[in-house]
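Observations on the three-dimensional arrangement
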Amino acid sequence: EDQVTQSPEALRLQEGESSSLNCSYTVSGLRGLFWYRQDPGKGPEFLFTLYSAGEEKEKERLKATLTKKESFLHITAPKPEDSATYLCAVLPYGGATNKLIFGTGTLLAVQP
Amino acid sequence: GAVVSQHPSRVICKSGTSVKIECRSLDFQATTMFWYRQFPKKSLMLMATSNEGSKATYEQGVEKDKFLINHASLTLSTLTVTSAHPEDSSFYICSARDLARVHEQYFGPGTRLTVT
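Here is a short report on the structure shown in this document. What you are looking at is a predicted structure, and each value in this text was computed from that prediction instead of being measured.

A few words on the pattern of salt bridges. Residue and element names in this part refer to chain A. Applying the stated criterion across every chain yields a total of seven salt bridges over all chains. For the salt bridge of K57 with E55, the shortest nitrogen-to-oxygen distance reads 3.6 Å. Note on K57: relative accessible area 30%, which makes it partly exposed. In this structure, the salt-bridge partner of K63 is E56, at a minimum N-O distance of 3.3 Å. Owing to a relative accessible area of 26%, K63 belongs among the partly exposed residues under this scheme. Take E56: its relative accessible area is 48%, and that puts it in the partly exposed class.

Laid out in structure tokens, this is it:
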């Protein structure tokens, strides 16, 4: 069964304290892995798509990497405005077209 | 680019009435849109996949007669919650798949439905 697990569930950082969020996945075949940011009371905001192991994408203080079993979202020198829930989702081959499988998210709190 | 809007952002209705929520892709065409429901501090739960010009595909456990979906054009899908009850109160979010970026989905800002 296709599955996505995110860890930790919650993470509290001091401003400037770099860290990583993990997304482990089990799928029969991976068409793509997606990272989203969600603020309270809002829809998820698209961050990155990764397609193959070894691929990396960067945007400001965020860097996403992908292996055959997991993805990491690295946050370098975070600021309070980076506080949000970060969602990971995979799009497997087979089954319903373009049906994403989501993890439960990591709630990140960055304190000044 | 890749902006999805939803209307209304908040709605309060009385039990037994119906509510329509619109989802629009503003700067791209979307043959496929998705409707999700999200409970407090929980992840997204897919309700149905909306395909332009054809019937929606509902997830197991989602009542198609209660949650009516229409995808009449490449930029608009609507979700109608019929005969709403307090247990239907939730945060509803749509997403749209960009034809030009085959696998990527972009989400709307969500609609907070409260049924009294």
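Right, picking up where we left off after that structure.
With that settled, the discussion passes to the packing of aromatic side chains. If you walk through the whole model with that rule in mind, you get nine aromatic pairs over all chains. Here the aromatic cluster, defined as three or more aromatic residues joined through ring pairs, consists of Y36(A), F46(A), F102(A), F28(B), Y36(B), Y106(B) and F107(B).

Computed from the structure, the largest pocket encloses a volume of approximately 570 Å³. Forming the boundary of the largest pocket are 21 residues, of which T85(A), Q38(B), P40(B), K41(B) and K42(B) lie nearest the centre. Broken down by secondary-structure element, the contributors of at least two residues to the lining of the largest pocket are β9 (84-92) and β11 (106-111) of chain A. The biggest single contributor to the lining of the largest pocket is β9(A), with three residues.

All names here are of chain A. Per the counting criterion, the structure on display carries two disulfides over all chains. Linked covalently through their sulfurs, C23 and C88 form a disulfide whose S-S length is 1.9 Å. The chirality of the disulfide connecting C23 with C88 is left-handed, given an S-S dihedral of about -60 degrees. Taken together, the positions of C23 in strand β3 (residues 19-26) and C88 in strand β9 put the pair 65 residues apart, joining distant regions of the chain. As far as burial versus exposure is concerned, C23 and C88 are alike and both buried.

We now examine the sheet that holds strand β3 (residues 19-25) of chain B. Residue and element names in this part refer to chain B. Spatially, the four strands line up as an open sheet ordered β1-β3-β8-β7, and their pairing is antiparallel. Two strands in the sheet have a free side with no partner beyond their single neighbour: β1 (4-7) and β7 (67-73). Taken over all neighbouring pairs, the strand axes of this sheet differ in orientation by 15 degrees on average, direction set aside. As paired elements, β7 and strand β8 (residues 76-81) share five bridges and run antiparallel to each other. What sits directly across from S73, in β8, is L76.

Cis geometry is found at the peptide bond from S7(A) to P8(A), where omega equals -10 degrees. By the secondary structure assignment, P8(A) is in the loop between β1 (3-7) and β2 (10-14). Here the residue pair H7(B) and P8(B) is connected by a cis peptide bond, since its omega of 0 degrees sits within 30 degrees of zero. With respect to the secondary-structure elements, P8(B) resides in the loop between β1 and β2 (10-13). Look at E60(A): it is not a glycine, yet its phi comes out positive at around 55 degrees. Phi is positive for A77(A), which is not a glycine, with a value near 45 degrees. By the secondary structure assignment, A77(A) is in the loop between β8 (70-75) and β9. The class for A77(A) is partly exposed, based on a relative accessible area of 34%.

All names here are of chain A. Here A53 lies in the loop between β5 (45-50) and β6 (56-59). Given a relative accessible area of 45%, A53 falls into the partly exposed group. Along the backbone, A53 and T67 are 14 residues apart, and their C-alpha atoms lie at a distance of 4.4 Å. Residue contacts for A53: discarding those within four places in its chain leaves L66, T67 and K68.

Rules behind the numbers
- Residues numbered from 1 in each chain as written.
- Chains lettered and ligands numbered in written order.
- Predicted model: local features only at pLDDT ≥ 70, side-chain atom pairs only at ≥ 80, totals over all residues.
- Heavy atoms only, no water.
- Salt bridge = Lys/Arg side-chain N within 4 Å of Asp/Glu carboxyl O.
- Buried < 20%, exposed > 50% of the residue type's maximum accessible area, 1.4 Å probe, protein only.
- Phe/Tyr/Trp six-rings, centres within 6.5 Å; stacked < 30°, edge-to-face > 60°.
- 1 Å grid on protein atoms, 1.4 Å probe; cavity = no way out; pocket = protein on both sides within 12 Å on 5 of 7 lines; lining within 4 Å.
- Points joined across faces, edges and corners; volume = space filled by probe spheres on them.
- Helix = DSSP H or I, 4+ residues; strand = E, 2+ residues; numbered from the N terminus.
- Disulfide = S-S within 2.5 Å.
- Pairing = 2+ DSSP bridges.
- Axes fitted to C-alpha atoms, helices over the stretch in contact; angles between N-to-C directions.
- Contact = heavy atoms within 4.5 Å.

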